[in-house]
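# Reading the structure
Here is how the chains run, residue by residue.
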Amino acid sequence: MNSLFEQCFNSLPGTRITEKTERLAQKLASAPPLYYAGLHMTLLEGVKPLTRVRTPSGQVRDMLMLGSNSFLNLNFHPQVLEAERKAAERFGSGAGSPPLYAGQTVLHEELEERLASFCGTEAALVFPAGYSGNIGVLSALCRPCDTLFCDSSNHASLFDGARLSGTRISPYLHLNTKHLEKQLKQCSTPGKLIVSDGVFSMEGSIAPIDELVRLKWQYDAFLMIDDAHGFWAVGDFGHGSASLYGLRDEVDLHYGTFSKALGGVGGFAAGQRNVIDYLRYYARSTFFSSALPATVVAATLESIRIVEEEPWHLENLRRNRDYFQSRLEKAGFNTLNSRSAIIPLLVGDEDKLGRFQMALFDAGIFTNIGATPAVNASKCRLRLNVMASHTLEQLKFAADTIEQSGRNFGVIE
Ligand SMILES: Cc1ncc(COP(=O)(O)O)c(C=O)c1O
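Every value quoted in this text rests on a predicted model; they were computed, and no experiment measured them. (Residues numbered from 1 in each chain as written. Predicted model: local features only at pLDDT ≥ 70, side-chain atom pairs only at ≥ 80, totals over all residues.)

### Regarding the overall build of the chain
Convention followed: Strands are runs of DSSP state E lasting at least two residues, helices are runs of H or I lasting at least four, and both sets are numbered from the N terminus onward. In this treatment the radius of gyration is a C-alpha quantity, and the globule benchmark scales as 2.2 Å times the residue count to the 0.38 power. Remark: C-beta atoms are placed from the backbone, and a residue is labelled buried if 20 or more other C-beta atoms sit within 10 Å of its own, exposed if 12 or fewer do, or partly exposed between those counts. What counts as a contact is two residues whose backbone-derived C-beta atoms lie within 7 Å of each other.
Each helix and strand counted, the chain has 16 helices and 14 strands in total. Taking 413 residues into account, the globule formula puts the C-alpha radius of gyration at 22 Å, and the chain, at 22 Å, falls close to it. With respect to the three principal axes, the spread of C-alpha positions in the chain is 55 × 55 × 45 Å. Relative to its 413 residues, the chain shows a buried fraction of 48%. In the chain, 69% of the contacts between residues at least 6 apart in sequence involve partners at least 24 apart.

Written as structure tokens, this is what we have:
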């Protein structure tokens, strides 16, 4: 039963294309994995610390939300909603065109300027989604004659963009810069790009950016950091993972999303003006894709302003994640060196993980899992996301309940 989704996806060559769909349907009908129900929860309202959810069996209940990437949880901030309302009145509901046709409004322009100054770069470019932006950036930058060095835990969009470019992909072991250096030494292509998540989405760990910078200079490589989970969440003012090392200016291309800490949607790249100008024309996921609606852009701009002017959102996030991780580590959980608001609990057995997660749903706690295909089955984990809006009482209740369940299922002793 482990790796169900991988088994079905990797069907044999020579079989009909619909074989995959039939195999998955059969398996799900006979023995769905234990975590299957947890993948089909329906939210009946926006994310809050207590969120109303409908379970697959039709039960409606308020759950303590530990499953959202909306780390600062600004989604209901009155000024965000007001900015969105005003933008809707002025610009309507959608963009209707890609940015280079009739999709770029003054709000998009303002956001790009704001992002460039946030990252300390000359220019920035907004994409309609974090995923598609990475596809566009990597497929535009890398050529088949180049080599792309990719941390093995990087987000799928980075691997997918690399694949689309046809470039040679050289994955290195997670956070292992010795392994990366060995590969750089052996590489004979002149074009080299090192790409790494800043905060890793399944581990909560942070890239060794000091070492990545050293290696990029030593081996004449270009360095891109995708800090989707780090911007507006880690570092002073939420300036991201590279800022923790004081090395923001050494990153050649910053990449981020509005979909995590800010709770919105969209991606962006920030760097030298010539690189950004090139991407504006050659990153096909912006050139051939409609721009973000101005309402979303307005909400993003307002959320960025709030992070700058109301420092307590970031302070609460740090206080909450520090408290929660230390409680769970004291209980004996392996949190995989998380240093961010994503706190994984290693389980290592998908059936056990499914039972563990279902028990938490029953206790009113909404969690996510990291299982195949996101991570190897032997490294499967419960994935807990802390938000700035949680109270310490809520996190204490969650830690007590998770500790008890973890013992019941033999995840901890
Ligand atoms: C590192 C990284 N890059 C890109 C993305 C894709 O972002 P989005 O969900 O905004 O499409 C994610 C999403 O989890 C991510 O973790």
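Let us keep going from here.
### Examining the site of the ligand
Our working rule: To decide whether a residue is near a molecule or strand, its C-beta atom is placed from the backbone and checked for lying within 6 Å of it. Note that Gly is not counted as nonpolar here; it falls among the polar residues with everything else outside the nonpolar set of Ala, Val, Leu, Ile, Met, Phe, Trp, Tyr, Cys and Pro and the charged set of Asp, Glu, Lys and Arg.
Around the ligand lies a shell of 14 residues, among which Gly130, His155, Ser201, Ala228 and Ser259 are the nearest. Residues of the shell around the ligand, tallied by class, amount to 3 nonpolar, 9 polar and 2 charged.

### Structural notes on the sheet that holds strand β14 (residues 381-385)
Note the threshold: Paired strands, as defined in this entry, are two strands with at least two bridges between them according to DSSP. To define axes, lines are fitted to C-alpha atoms, for helices over the stretch in contact only, and angles between the resulting N-to-C directions are given on a 0 to 180 degree scale.
Pairing in this open sheet of 3 strands is antiparallel, and the strands run β11-β14-β13 from one edge to the other. Lying at the two open borders of the sheet, with one neighbouring strand each, are β11 (342-346) and β13 (368-370). Ignoring which end each strand starts from, the neighbouring axes of this sheet average 35 degrees apart. Two elements, β13 and β14, share 3 bridges in a ladder whose sense is antiparallel. Within the sheet, the bridge partner assigned to Asn368 lies in β14 and is Arg383.

### Points about helix α7 (residues 156-165)
One full turn of an α-helix is made of 3.6 residues, so residues set three or four places apart face in the same direction. Rules: Regarding the arc, it is the one traced by the directions from the helix axis to the C-beta atoms.
Burial in α7 covers these residues: Ser157, Leu158, Gly161, Ala162 and Ser165. Seen along its axis, α7 keeps its buried residues to an arc of 135 degrees; they face one direction. Among the structural elements, α6 (130-141), β5 (147-151), β6 (168-172), β7 (192-197) and β8 (222-226) are those in contact with the buried residues of α7. Just downstream of α7 lies Gly166, where phi reads positive at about 80 degrees.

### Regarding the pairing of strand β2 (residues 50-54)
Note that strand β1 (residues 42-43) and β2 share 2 bridges and pair antiparallel. Its bridge partner lying in β2, Leu43 is registered against Val53. In this antiparallel pair of consecutive strands, β1 and β2, the connection spans 6 residues. In this structure, β2 lies alongside strand β3 (residues 60-65), joined through 5 bridges in antiparallel fashion. Bridging across to β3, Thr51 finds its partner in Met63.

### Remarks on unusual backbone geometry
In the segment running from Thr372 into Pro373, the intervening peptide bond is cis, with an omega of 5 degrees. With respect to the secondary-structure elements, Pro373 resides in the loop between β13 and β14.

### Here we look at the environment of Ala377
Relative to the elements of secondary structure, Ala377 occurs in the loop between β13 and β14. A tally of 18 C-beta atoms within 10 Å means that Ala377 is categorised as partly exposed. Along the primary structure Ala377 and Asp349 are separated by 28 residues, whereas in three dimensions their C-alpha atoms are 6.6 Å apart.

### Quick look at the sheet that holds β1
Read from one edge of the open sheet, 4 strands run β1-β2-β3-β12, paired in mixed fashion. Each of the sheet's edge strands pairs with one partner strand only, and the pair in question is β1 and β12 (365-366).

### Details of the nonpolar core
In a soluble, globular protein the nonpolar side chains are often hidden away together inside. As a reminder of what qualifies: The nonpolar core criterion groups buried Ala, Val, Leu, Ile, Met, Phe, Trp, Tyr and Cys residues into a set whenever they are joined through C-beta atoms within 7 Å.
One finds Leu72, Ala124 and Ala269 to be the most contacted residues of the largest nonpolar core, which totals 111 residues. At 8 residues, helix α13 (residues 294-309) tops the list of elements feeding residues into this core. Beyond its immediate chain neighbours, meaning those up to four positions away, Ala269 contacts Ala124, Leu125, Gly133, Val137, Leu253, His254, Tyr255, Ile276 and Leu279.

### What about helix α8 (residues 177-186)?
Buried residues of α8: Thr177, Leu180 and Leu184, and no others. Angular distribution of buried residues about the axis of α8 spans 55 degrees; they occupy a single face of the element. Set apart from the buried face of α8 by more than 90 degrees, the exposed residues are Lys178, Lys182, Lys185 and Gln186. Contact partners of the buried residues in α8: β5, β6, β7 and α9 (209-218).

### Quick word on the packing of helix α14 (residues 312-330) against helix α16 (residues 392-408)
The description of two helices packed together rests on the angle between their axes and the distance between the axes. Going by this rule: To sort the angles, those under 35 degrees are grouped as roughly parallel, those over 145 as roughly antiparallel, those from 65 to 115 as roughly perpendicular, and the leftovers as oblique. Working rule for handedness: look at the near helix, and if it is turned counterclockwise from the far one by less than a right angle, call the crossing left-handed; if clockwise, right-handed.
Contact pair α14 / α16: the axes reach a minimum separation of 10 Å and the direction vectors enclose 20 degrees. Considered as vectors, α14 and α16 are oriented roughly parallel to each other. The chirality of how α14 crosses α16 is right-handed. Residues Asn320, Tyr323, Phe324, Arg327 and Leu328 of α14 pack against Leu392, Leu395, Ala399 and Ile402 of α16. Class assignment for the residues of the contact of α14 with α16 results in 7 nonpolar, 1 polar and 1 charged.

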